[in-house]
Amino acid sequence: MKIQTIPLNQLPVSKLKGLCLSNGMMEAFIFHDYKELDGTAFLLYNRLKLIGWCYVYSEDVESAYNVFGVFIAPEHRRKGWGSKLYKEAQKKYSKLLTCPHDYISDKFFEKVEK
């Protein structure tokens with residue numbers, strides 16, 4: 001596995017199609033003008049295939065926390081890859097504010113935040 005780190009405003013959104021829980025999540029991310037966000041994307045590859053990704057950004061300069069979101073392709077879940085991305089993000093951003101989008105991701109965040 002390899003993790004590629006890139007500025008969020010350089011995120012290759014076309015690569016992420018199919019790597020979001022729903023088209024609505026992808027559209028929300030694209031249309032909220034992510035190019036204006038100051039943050040980082042972490043792309044997780046298995047050989048040459050993108051199998052997961054996460055993002056971290058600051059809501060504003062004065063915020064003590066950084067917003068964190070993650071998605072792992074269904075066939076690669078429950079193997080520790082989301083936790084690996086979370087830990088990688090923690091190396092660069094000390095305080096992460098998690099953003100669960102459903103019950104399953106809420107349980108994941110409960111586990112990694114302990």
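Caption draft 1: Broad picture of the nonpolar core. Grouped together as the largest cluster of nonpolar side chains are 16 residues, with contacts concentrated most on Val56, Phe68, Val70, Leu85 and Leu96. Broken down by secondary-structure element, the contributors of at least two residues to this core are strand E2 (39-46), strand E3 (49-58), strand E4 (66-72), helix H2 (81-92) and helix H3 (103-112). For this core, the leading source of residues is H2, giving four residues. Leu85 has contacts with Ile3, Phe42, Leu44, Gly52, Trp53, Cys54, Phe68, Val70 and Ile72, leaving out every residue within four places of it along the chain. Counting 14 residues, the second-largest nonpolar core is a separate cluster that includes Ala41, Leu43, Tyr45 and Val67.

Caption draft 2: Structural context of the environment of Gly69. Relative to the elements of secondary structure, Gly69 occurs in strand E4. For the pair formed by Gly69 and Cys99, sequence separation is 30 residues and the distance between their alpha carbons is 5.6 Å. The residues contacting Gly69, other than those within four sequence positions of it, are Trp53, Cys54 and Tyr55.

Caption draft 3: Just unusual backbone geometry, in detail. We note that Arg47 has phi near 60°; this positive angle belongs to a residue other than glycine. Here Arg47 shows up in the loop between E2 and E3. We classify Arg47 as exposed; its relative accessible area is 75%.

Caption draft 4: Broad picture of the sheet that holds strand E1 (residues 2-7). Ordered by their spatial adjacency, five strands build an open sheet running E1-E2-E3-E4-E5, and the pairing between neighbours is mixed. Looking at the sheet topology across the chains shown, the edges are occupied by E1 and strand E5 (96-98). Sheet twist, expressed as the mean angle between neighbouring strand axes with direction ignored, is 25°. Pairing analysis gives three bridges linking E4 to E5, with the strands arranged parallel. Paired with Asn66 across the bridge in E5 is Leu96.

Caption draft 5: Structural context of the pairing of E3. Among the 10 residues in E3, eight count as buried, and that is most of the element. Of the strand pairs in this sheet, E2 and E3 are connected by eight bridges, and their pairing is antiparallel. Bridge pairing links Thr40 to Val56 in E3. Remark: two residues form the turn of the hairpin made by E2 and E3, two consecutive strands paired antiparallel; Arg47 in that turn has positive phi of roughly 60°. Of the strand pairs in this sheet, E3 and E4 are connected by seven bridges, and their pairing is antiparallel. Counted as the bridge partner of Cys54 is Val70 from E4.

Calculation notes
- The residue count restarts for each chain, going from 1 along the sequence in the order it is written.
- pLDDT decides what is reported in this predicted model: residues at 70 or higher carry local features, side-chain atom pairs at 80 or more are listed and counted, and totals for whole chains, interfaces and linings draw on all residues regardless.
- Neither water nor hydrogens contribute to the side-chain values; these are computed over all heavy atoms in the structure.
- Here, the term nonpolar core denotes a set of buried Ala, Val, Leu, Ile, Met, Phe, Trp, Tyr and Cys residues that are joined through side-chain atoms within 4.5 Å.
- Three exposure classes are used, based on accessible area relative to the maximum for each residue type with a 1.4 Å probe and protein chains only: buried under 20%, partly exposed in between, and exposed over 50%.
- Put simply, DSSP marks the helices as runs of H or I at least four residues long and the strands as runs of E at least two long, and each gets a number from the N terminus on.
- Only heavy atoms enter the contact rule, under which two residues are in contact if any of them lie within 4.5 Å.
- Any two strands with at least two DSSP bridges between them are considered paired.
- Geometry is summarised by axes, namely lines fitted to C-alpha atoms with helices restricted to the contacting stretch, and by angles between N-to-C directions that run from 0 to 180 degrees.

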